[in-house]
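Letter by letter, the chains look like this.
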Amino acid sequence: MLETIFILVCVLHLSASIDYYRPEQIHIAYGQNVQEIVITWSTFNKTQASVVEYGIGGLILTANGTSTLFIDGGSEKHSQYIHKVVLNDLTPNSIYQYHCGSNLGWSNLFYFKTAPDSSDWQPHLAIYGDLGNENAQSLVRLQEETQRGLYDAILHVGDFAYDMDSQNAQIGDEFMRQIESIAAYVPYMTCPGNHEEAYNFSNYRARFSMPGGSESYMYSIDIGPMHIISISTEVYYFLEYGIKPLVFQYQWLEDDLAKANLPENREKQPWIIVMGHRPMYCSNTDHDDCTHHETITRVGLPFLHFFGLEDLLYNYGVDLAIWAHEHSYERLWPVYNYTVYNGSYEQPYVNPGAPVQFTTGSAGCKEGRDHFIQQLPEWSAFRSSDYGYTRLKVYNSTHMYLEQVSDDKSGQIIDWFWIVKDKHGLYPHSKIDWAKIDKMRLKYLHSQ
Ligand SMILES: *[C@@H]1O[C@H](CO)[C@@H](O)[C@H](O)[C@H]1NC(C)=O
Ligand SMILES: *[C@@H]1O[C@H](CO)[C@@H](O)[C@H](O)[C@H]1NC(C)=O
Ligand SMILES: *[C@@H]1O[C@H](CO)[C@@H](O)[C@H](O)[C@H]1NC(C)=O
Ligand SMILES: *[C@@H]1O[C@H](CO)[C@@H](O)[C@H](O)[C@H]1NC(C)=O
Ligand SMILES: *[C@@H]1O[C@H](CO)[C@@H](O)[C@H](O)[C@H]1NC(C)=O
Ligand SMILES: *[C@@H]1O[C@H](CO)[C@@H](O)[C@H](O)[C@H]1NC(C)=O
Ligand SMILES: [Fe+2]
């Protein structure tokens, strides 16, 4: 009897201490370029080391990283160590196995595939926003497709977990464990949404490791022929955290767009794509800002109209803008300032005269779906309130294909379209400041 109790106590003690050091919530992201992979995980106790063992066909390499104590802002001050390791000596187009942790505990074995190092790579992405811990309806299908190797990367366009800080950040932990089934296998690239706002976006900033050194607020990365820019639309709406992040981001974005338009860059990455959480246009029945004519992200701050994004996207020849926030899918005709600029009536997306935009915020969350007003606005092409997500495949410099998967309809494709561009660059009425681009060139050449 006593012996049994003794053994029981030992087992309990042992398992408790192992659990606290065991890595969980493993996820990966691109680093400063697609050949660099950042691996991120959590432990609840401090480990002496943060190590990834990895390799092609065996764990033959070791990389060390760092860990940071993250304390949630809630009353329990829930704490954890978040570990980050950068792998930057990878061989292109190879399948790597890895596990992470330390001598006190290792994760399961995972794998990822590195990007090919060739100009004919055709990246395939899954894209969605607004995925919660409860009612994460699209997650099963996404896991199946990710583990079958369908995607090169995933874009999560804001709003995670509902919310990561809920229940003293336990919901954040649970959510990060949930998405491990996809995010440990392909780069999981993010931007912040309104549900990340608590404690000045602290859960978002701590848990994700996006490139660019801005605590995952804003960055750009070249993925094959795409230059993908991720921004925070929340800097327009949570001004209680200061106007500095908004001003800084706007200037950064204009610089980044100017740099992306340098002929030598646009030649290699002709497709410029911007992703952010809250849309500029939507025809939903809720009274979100995108239902207003003067959406703040579109025209800028009230009255002053400083820092509007639509002019920036139009003037710098952005090809595609991706949004979420509305729990639905809506595809727009090429539009600028409420005027539709179809390439032609028959082929609106062949050489469109303005950025193409769509909203994909229906991955599934506890807040349910959003619905649409009855009338279809002139700028709106297709709408659906089905749960699901978007697939994007870029074929080459002229052809990009997008389709909308309905999870409600067992994976059926409910919308699809090609964007075709014989030539990328500025739109006909662009008011671009070429002096700015020249200045960018000097800065850029100087930094090389
Ligand atoms: C491990 O973490 C738990 C929970 O944060 C804490 O109660 C415990 O004291 C820690 N143990 C060690 C050995 O650090
Ligand atoms: C990683 O750190 C350990 C000590 O914690 C050290 O023995 C090892 O050589 C380091 N590996 C690399 C690749 O730096
Ligand atoms: C919130 O965080 C941003 C970016 O990290 C910082 O610039 C800002 O000053 C913070 N605001 C407050 C009120 O702490
Ligand atoms: C957008 O259209 C409105 C009229 O609806 C006009 O007043 C405004 O000047 C236009 N903005 C730009 C940047 O062209
Ligand atoms: C744009 O093209 C679509 C598809 O042909 C058409 O339904 C729509 O009316 C066009 N819009 C304008 C303003 O020409
Ligand atoms: C680009 O890809 C599309 C779709 O596969 C194809 O029809 C087209 O011929 C390709 N263009 C070039 C220049 O390779
Ligand atoms: Fe949102």
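What counts as what
- Residues numbered from 1 in each chain as written.
- Chains lettered and ligands numbered in written order.
- Predicted model: local features only at pLDDT ≥ 70, side-chain atom pairs only at ≥ 80, totals over all residues.
- Heavy atoms only, no water.
- Near = heavy atom within 4 Å.
- Polar contact = N/O pair within 3.5 Å; in protein donor to acceptor, adjacent residues only side chain to side chain.
- Areas by Shrake-Rupley, 256 points an atom, 1.4 Å probe, with all protein chains shown as cover.
- Nonpolar A, V, L, I, M, F, W, Y, C, P; charged D, E, K, R; others polar.
- Pairing = 2+ DSSP bridges.
- Helix = DSSP H or I, 4+ residues; strand = E, 2+ residues; numbered from the N terminus.
- Axes fitted to C-alpha atoms, helices over the stretch in contact; angles between N-to-C directions.
- Contact = heavy atoms within 4.5 Å.
- Donors = N, O, S within 2.8 Å, 3.2 Å for Na, K, Ca; no water.
- Tetrahedral: all angles 85-135°; square planar, octahedral: opposite > 155°, others 65-115°.
- Buried < 20%, exposed > 50% of the residue type's maximum accessible area, 1.4 Å probe, protein only.
- Disulfide = S-S within 2.5 Å.
- Core = buried A, V, L, I, M, F, W, Y, C linked by side-chain atoms within 4.5 Å.
- Domains from an automatic or database assignment.
- pLDDT = per-residue confidence, 0-100.

Asks: Is there a simple way to explain the site of ligand 3 in this structure?
Replies: Ligand 3 sits among Asn-200, Arg-205, Glu-215, Tyr-217 and Tyr-241. Between ligand 3 and Glu-215 there is a distance of 3.3 Å, counted from an oxygen atom to a side-chain nitrogen or oxygen. Against a free-state accessible area of 360 Å², the protein chains account for coverage of 55% of ligand 3. Within the shell around ligand 3, the residues separate by chemical class into 2 nonpolar, 1 polar and 2 charged.

Asks: How should I be thinking about the site of ligand 5 in this particular structure?
Replies: Taken together, the neighbourhood of ligand 5 is formed by Trp-333, Val-340, Asn-342, Tyr-345, Pro-348 and Glu-378. Within the side chain of Asn-342, one N or O atom sits 2.3 Å away from an oxygen atom of ligand 5. With respect to ligand 5, the backbone of Tyr-345 contributes an N or O atom lying 2.5 Å from an oxygen atom. Contact with the protein chains hides 66% of the accessible area of ligand 5, taken as 360 Å² for the molecule alone. Here the residues of the shell around ligand 5 sort into 4 nonpolar, 1 polar and 1 charged.

Asks: Please clarify how the sheet that holds strand E2 (residues 37-43) should be interpreted in this entry.
Replies: Pairing between the strands of a sheet comes from backbone hydrogen bonds, and it takes one of two forms, parallel or antiparallel. The strand order across the open sheet built from 4 strands is E1-E2-E6-E5, with neighbouring strands paired in antiparallel fashion. At either margin of the open sheet sits one strand with a lone partner, and together these are strand E1 (24-30) and strand E5 (66-71). Each strand of the sheet is rotated relative to its neighbour by a mean of 25 degrees, with strand direction disregarded. Both E1 and E2 contribute to a ladder of 5 bridges, which runs antiparallel. If you follow Tyr-30 over to E2, its bridge partner there is Ile-37. Strand contacts of helix H3 (residues 166-183): E1 and strand E6 (79-87), with the helix running at about 55 degrees to E1, the strand carrying the most contacts.

Asks: Explain the coordination of the iron ion (ligand 7) to me, please; I cannot follow it from the model alone.
Replies: Each pair of donors in an ideal octahedron of six around a metal sits at 90 or 180 degrees, and each pair in an ideal tetrahedron of four sits at 109.5 degrees. Each protein donor to the iron ion (ligand 7) is listed here as Asp-159 (OD), Asn-194 (OD1), His-277 (NE2) and His-325 (ND1); together their distances run 2.1 Å. The site at the iron ion (ligand 7) holds 4 donor atoms, and with the angles between them running 88 to 165 degrees, its shape is irregular. Coordination of the iron ion (ligand 7) draws on donor residues from a single chain, spaced D-x34-N-x82-H-x47-H in sequence. One end of the pair, Asp-159, is in the loop between strand E12 (153-156) and strand E13 (160-161); the other, His-277, is in the loop between strand E17 (271-275) and helix H7 (296-299), with 118 residues separating them in the sequence. Given a relative accessible area of 1%, Asp-159 falls into the buried group.

Asks: Which parts of the structure should I look at to understand the environment of Ala-183?
Replies: Mapped onto the elements, Ala-183 comes out in helix H3. Between the C-alpha atom of Ala-183 and that of Ile-26, which follows or precedes it by 157 residues, the distance is 7.3 Å. The contact partners of Ala-183, leaving out residues within four places of it in the chain, are Ile-26, His-27, Ile-28 and Tyr-188.

Asks: Whenever I open this one, the state of the cysteines confuses me. Can you help?
Replies: What we call a disulfide is simply a covalent bond connecting the sulfur atoms of a pair of cysteines. Inspection of every chain in the model, using the stated rule, returns 1 disulfide. In this model, Cys-282 is linked to Cys-290 through a disulfide, with the two sulfur atoms separated by 2.1 Å. Its torsion about the S-S bond being 80 degrees, the disulfide of Cys-282 and Cys-290 is classed as right-handed. Take Cys-282 and Cys-290: they sit in the same class, and that class is buried. Free cysteine: Cys-191, not disulfide-bonded; nearest cysteine sulfur from Cys-290 at 14 Å.

Asks: I'm lost on the nonpolar core in this one. Help?
Replies: If you look at soluble globular proteins, the nonpolar side chains tend to sit buried side by side. Core analysis: the biggest nonpolar cluster contains 77 residues, and Ile-39, Tyr-98, Tyr-188, Met-226, Leu-320, Leu-392 and Met-400 have the highest contact counts within it. With 6 residues, H3 is the largest single contributor of residues to this core. Each of domain 1 (29-113) and domain 2 (124-447) gives at least three residues to this core. Grouped together as the second largest cluster of nonpolar side chains are 37 residues, Tyr-217, Phe-238, Tyr-281 and Ile-437 included.

Asks: I tried to follow the confidence of the model for the chain on my own but got confused; where do I start?
Replies: Any region with low pLDDT has predicted coordinates that should not be read closely. In the predicted model, the chain carries a mean pLDDT of 94, and 95% of its residues have values of at least 70. In the predicted structure, residues 4-12 sits below a pLDDT of 50 and forms 0 contacts with residues beyond four places in sequence or in another chain.

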